[in-house]
Amino acid sequence: MTAQNGSSEPVFLIFGKSGWIGGLLGELLKKQGAKFEFATARLEDRAAILADFERVKPTHVLNSAGVTGRPNVDWCEDHKIETIRANVIGTLNLADTCLQKGIHMTNFATGCIFHYDDGKFKQGNGVGFKEEDTPNFTGSYYSKTKAMVEDLLREYPNVLTLRVRMPIVADLCYPRNFITKIIKYDKVIDIPNSMTVLPELLPLSIEMARRKLTGIMNFTNPGAISHNEILGLYKQYVDEEFTWSNFSVEEQAKVIVAPRSNNLLDTTRIEGEFPDILPIKESLIKYVFEPAAANKEEVKKAVREMRGR
């Protein structure tokens, strides 16, 4: 198939230049020697999107733009219009513009739209939510908007929606890193969850775009891992003196505004595309904790300074 710009070589346009995942995608594409540019348009500005398309002539759009809230999703509870504008109107506008121009779009979304229940998806029974399952978690406004737009994007034949969960990178002091967050807390809950190890999975997302996969993909490593298991790995590989304590979901609710999602996602589809994908614990050891152990003293010092204790 010939690309829109007249050549067979893919050209990527990244939305979300100032965001975490957008920046990582740019670094990956640069290392691959791929042709790419960052978009300058805001998602809700159709004329500006079209100007970016004319300037770059992309064959593939990678969208990691949107709002998650700072310092966390509680921000969205008090900024609902801004959240709708970016996460619903903006994302749909980009998908629709891509469709009209014959461009494939990979949308980095969230898997935090599901929650364990007392029935089929009970915590610990090993049954994960599949791509076709209907979201059952709307406890946070952020998740509510994400579930809404995911359902609408199902109708777009040019879009791949990736359900990211609790994303993790090797840098244990990076503020958006899920492990960094729980290392900093005085108390954590202890619930097994599906998670996304970005150093392993993000390169796969670029390959998915090249293959022009569409529909919904649970974009997590196989299996689930609990907060205590992760902190135990940190203690084992980096700081044997590290300690933490737990509290219940009910106790957690007293210190956050919106409830949080906890779930297991089924990874049959991603494993079918990429059979060598590592289970979550193995991936964390390979991509996070073994590299940290190689610089143990430096990492330990940085984390202790970050924690202030």
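These figures come from a predicted structure and were not determined experimentally.

Criteria and thresholds
- Residues numbered from 1 in each chain as written.
- Predicted model: local features only at pLDDT ≥ 70, side-chain atom pairs only at ≥ 80, totals over all residues.
- Heavy atoms only, no water.
- 1 Å grid on protein atoms, 1.4 Å probe; cavity = no way out; pocket = protein on both sides within 12 Å on 5 of 7 lines; lining within 4 Å.
- Points joined across faces, edges and corners; volume = space filled by probe spheres on them.
- Helix = DSSP H or I, 4+ residues; strand = E, 2+ residues; numbered from the N terminus.
- Nonpolar A, V, L, I, M, F, W, Y, C, P; charged D, E, K, R; others polar.
- Axes fitted to C-alpha atoms, helices over the stretch in contact; angles between N-to-C directions.
- Parallel < 35°, antiparallel > 145°, perpendicular 65-115°, else oblique.
- Left-handed = near helix turned anticlockwise from the far one by under 90°.
- Contact = heavy atoms within 4.5 Å.
- Expected span 1.5 Å × (residues − 1).
- Buried < 20%, exposed > 50% of the residue type's maximum accessible area, 1.4 Å probe, protein only.
- Arc of directions from axis to C-beta.

Asks: Any chance you could break down the layout of surface pockets for me, citing the residues and the numbers?
Replies: Taken as a whole, the second largest pocket holds about 200 Å³ of empty space. Forming the walls of the second largest pocket are Trp20, Leu24, Glu27, Leu28, Lys31, Val169, Ala170, Leu198, Pro199, Leu202 and Pro203. A total of five residues in the lining of the second largest pocket trace back to one element, the largest contributor, which is helix 1 (residues 20–32). Of the residues assigned to the lining of the second largest pocket, the class counts are nine nonpolar, no polar and two charged.

Asks: Which residues make up empty space enclosed by the protein, and what are the values?
Replies: In the structure shown here, the tally under the stated rule is one cavity of 30 Å³ or more. Its boundaries defined by the atoms lining it, the largest cavity holds a volume of some 40 Å³. Every residue lining the largest cavity is listed: Glu150, Leu153, Arg154, Tyr156, Val159, Thr161, Gly215 and Ile216. Among the secondary structure elements, those contributing two or more residues to the lining of the largest cavity are helix 5 (141–153), strand 5 (159–164) and strand 7 (215–218). Its residues placed into classes, the lining of the largest cavity shows four nonpolar, two polar and two charged.

Asks: Describe the packing of helix 4 (residues 80–100) against helix 5, with residues and values.
Replies: In contact at an axis separation of 10 Å, helix 4 and helix 5 are set at 20° when each is read in the N-to-C sense. It follows from the interaxial angle that helix 4 and helix 5 lie roughly parallel. In the packing of helix 4 onto helix 5, the handedness of the crossing is right-handed. Residues Lys80, Thr83, Ile84, Asn87, Val88, Thr91, Leu92 and Ala95 of helix 4 lie in contact with helix 5, whose contacting residues are Tyr141, Tyr142, Thr145, Lys146, Val149, Leu152 and Leu153. Counted by class, the contact of helix 4 with helix 5 contains nine nonpolar, four polar and two charged residues.

Asks: Requested: an account of the packing of helix 8 (residues 227–237) against helix 11 (residues 280–294), with residues and values cited.
Replies: It is the contact of helix 8 with helix 11, at a shortest axis distance of 10 Å, that shows an interaxial angle of 35°. Handedness of the crossing formed by helix 8 with helix 11: right-handed. Each of Ile230, Leu233, Tyr234 and Tyr237 in helix 8 lies in contact with helix 11, whose residues at this interface are Lys281, Leu284, Ile285, Phe289, Glu290 and Ala293. For the contact of helix 8 with helix 11, the per-class residue count stands at eight nonpolar, no polar and two charged.

Asks: Pulling in residues and values, what's your account of helix 12 (residues 296–307)?
Replies: Its twelve residues give helix 12 an end-to-end C-alpha distance of 16 Å, which sits within 8% of 16 Å, the value for a rise of 1.5 Å per residue. Inspection of helix 12 places Val299, Lys300, Val303 and Arg307 among the buried residues, and these make up the whole buried set. Buried residues of helix 12 fall within an arc of 100° about the axis and therefore sit on the same side. Of the residues in helix 12, the exposed ones pointing more than 90 degrees away from the buried face are Glu297, Glu298, Lys301 and Glu305.

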